[in-house]
Amino acid sequence: MLAVHNLEVVYEDVMLAVRGASLSVAPDAIVAVLGANGAGKTSLLRAMTGLLDIHRGKITRGNVSIDGAELDTRRAASVVRAGVGQVMEGRRVFVEFSVEENLKVGAHTVKASGIAEKLDRVYGMFPVLADRRHSSAGYLSGGEQQMVAIGRALMSDPRYLLLDEPSLGLAPKMVELIRDLIVEINDAGTGVLLIEQNAAMALSVAHHGYVMENGKTVMDAPAQVLRADEDIQEFYLGLGGEGGSLRDVKHYKRRKRWLS
Ligand code: ATP
């Protein structure tokens, strides 16, 4: 079990971005984290993957653990070795590197003799990347670049894969493809933590979900309960017509009371 206990994250010693977030991901589960812009989702993920340092952030309280053993979140490589792969927001492929070179970047914790087998596995999952293995990643479509980013994270054979907004900016067909890949990755035995603004997509595949507001995890429920929740439907699934234009569910509820 990958677990976050009461985490607090501060940037540049002043900006409190995460104020007590807790969650857990079972090894066979897909877990979604929903939340409005600025709720702290990306900061939570950076904290879990050892990437806060490069953003001048730090964990000031709480910790992250796997099966009870605390992760050394000050070192990104140590988190990867512990079995946590990540795909950060914006895909971040190396555009001048070929597809294969990009994938190999993700294999820095893998023995040289094991790399060919990992590549085969990723190419088996993403045949389109096998065909383009020697092309510059910069020439690929947004969806294909997202596949490179996911494939790169899979090269370390993670027990848990953390994804930050994998559907962002993608055409609906590509979003479907990425969603199917998430299910496939999970079926193959990897726990998935999925951060998404696209709540409909996230809740369509997740087993469990959390909602973050103002740096805190404020809801924690099976995905089917969240899907049926009226406030989630109206605020995150856009079924109430106001979509994500309001700051958070609390604000939404206040406004609903005021309007009625
Ligand atoms: P989005 O969906 O818009 O990406 P988010 O839920 O992922 O939002 P974060 O990106 O974690 O939210 O941001 C949480 C808060 O932390 C915001 O107020 C943001 O401005 C602030 N923040 C994020 N990164 C930094 C940074 N490097 N330095 C200072 N403040 C930051």
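Residues numbered from 1 in each chain as written. Predicted model: local features only at pLDDT ≥ 70, side-chain atom pairs only at ≥ 80, totals over all residues. Heavy atoms only, no water.

(A) How the structure looks around the overall build of the chain. The number of helices and strands found in the chain is eleven helices and ten strands. In terms of overall dimensions, the chain is globule-like: its C-alpha atoms have a radius of gyration of 18 Å, near the 18 Å expected for 260 residues. Counting only C-alpha atoms, the chain reaches 65 × 40 × 30 Å along its principal axes. By residue count, 51% of the 260 residues in the chain fall in the buried class. Taken as a whole, the chain presents about 12200 Å² of accessible surface, with 50% of it coming from carbon and sulfur. Once the 30 positive and 32 negative side-chain charges of the chain are each reduced to a mean point, those two points are 5 Å apart. (Helix = DSSP H or I, 4+ residues; strand = E, 2+ residues; numbered from the N terminus. Rg over C-alpha atoms; globule rule 2.2 N^0.38 Å. Buried < 20%, exposed > 50% of the residue type's maximum accessible area, 1.4 Å probe, protein only. Areas by Shrake-Rupley, 256 points an atom, 1.4 Å probe, with all protein chains shown as cover. Lys, Arg positive; Asp, Glu negative; His and termini not counted. Charge placed at Lys NZ, Arg CZ, Asp CG, Glu CD.)

(B) Region of the structure containing the domain arrangement of the chain. The domains assigned to the chain are domain 1 (2-93 + 159-226) and domain 2 (229-260). Facing the 13 residues of domain 1 at the interface are nine residues of domain 2. Both sides together, the interface formed by domain 1 and domain 2 hides about 920 Å², and carbon and sulfur atoms give 55% of it. Summed over the shared surface of domain 1 and domain 2, the number is zero salt bridges. For the pair domain 1 and domain 2, the interface holds two residue pairs in polar contact (both at pLDDT 80 or more). (Domains from an automatic or database assignment. Contact = heavy atoms within 4.5 Å. Buried area = accessible area lost by both parts, 1.4 Å probe. Salt bridge = Lys/Arg side-chain N within 4 Å of Asp/Glu carboxyl O. Polar contact = N/O pair within 3.5 Å; in protein donor to acceptor, adjacent residues only side chain to side chain.)

(C) Region of interest: the environment of Ser156. Inspection of the secondary structure assignment puts Ser156 in the loop between α6 (142-154) and β7 (160-164). Sequence separation between Ser156 and Gly106 is 50 residues; the distance between their C-alpha atoms is 6.3 Å. With residues near it in sequence (within four places) discarded, Ser156 still touches Val80, Gly106, Thr109 and Val110.

(D) Seen up close, the site of the ligand. Residues in close proximity to the ligand total 16 residues, the closest being Asn37, Gly38, Thr42, Ser43 and Gln197. Taken together, the elements giving at least two residues each to the shell around the ligand come down to β2 (15-25) and α1 (41-49). At four residues, the largest contribution of residues to the shell around the ligand is made by α1. (Near = heavy atom within 4 Å.)

(E) Local environment of the pairing of β7. Counted residue by residue, β7 has five buried out of five residues, so it is predominantly covered. For strand β6 (residues 84-87) and β7, the ladder comprises four bridges, and the chain directions are parallel. The partner of Val87 across the bridge, within β7, is Leu163. As paired elements, β7 and strand β8 (residues 191-195) share five bridges and run parallel to each other. From the neighbouring strand, Leu162 faces β8, where its bridge partner is Leu193. For the handedness criterion, the β-α-β arrangement of β7, helix α7 (residues 172-187) and β8 is classed as right-handed. (Pairing = 2+ DSSP bridges. Right-handed = clockwise from strand over helix to strand, strands pointing away.)

(F) A look at the packing of aromatic side chains. Under the definition given, this model contains two aromatic pairs. Look at Phe235 and Tyr236: their rings are 4.5 Å apart centre to centre, the planes differ by 85°, and that puts the pair in the edge-to-face class. No difference in accessibility class separates Phe235 from Tyr236, as the two residues are buried. (Phe/Tyr/Trp six-rings, centres within 6.5 Å; stacked < 30°, edge-to-face > 60°.)

(G) Representation of the nonpolar core in the model. By size, the foremost hydrophobic cluster in this structure holds 50 residues, and its most contacted members are Phe126 and Ile150. Here this core gets six residues from one element, more than from any other, and that element is α6. When residues of this core are sorted by domain, at least three fall in each of domain 1 (2-93 + 159-226) and domain 2 (229-260). If sequence neighbours within four positions are ignored, Ile150 has contacts with Val87, Phe126, Leu161, Leu163, Ile178 and Ile185. Leu7, Tyr11, Met88 and Tyr210 belong to the second largest nonpolar core, which has 32 residues in total. (Core = buried A, V, L, I, M, F, W, Y, C linked by side-chain atoms within 4.5 Å.)

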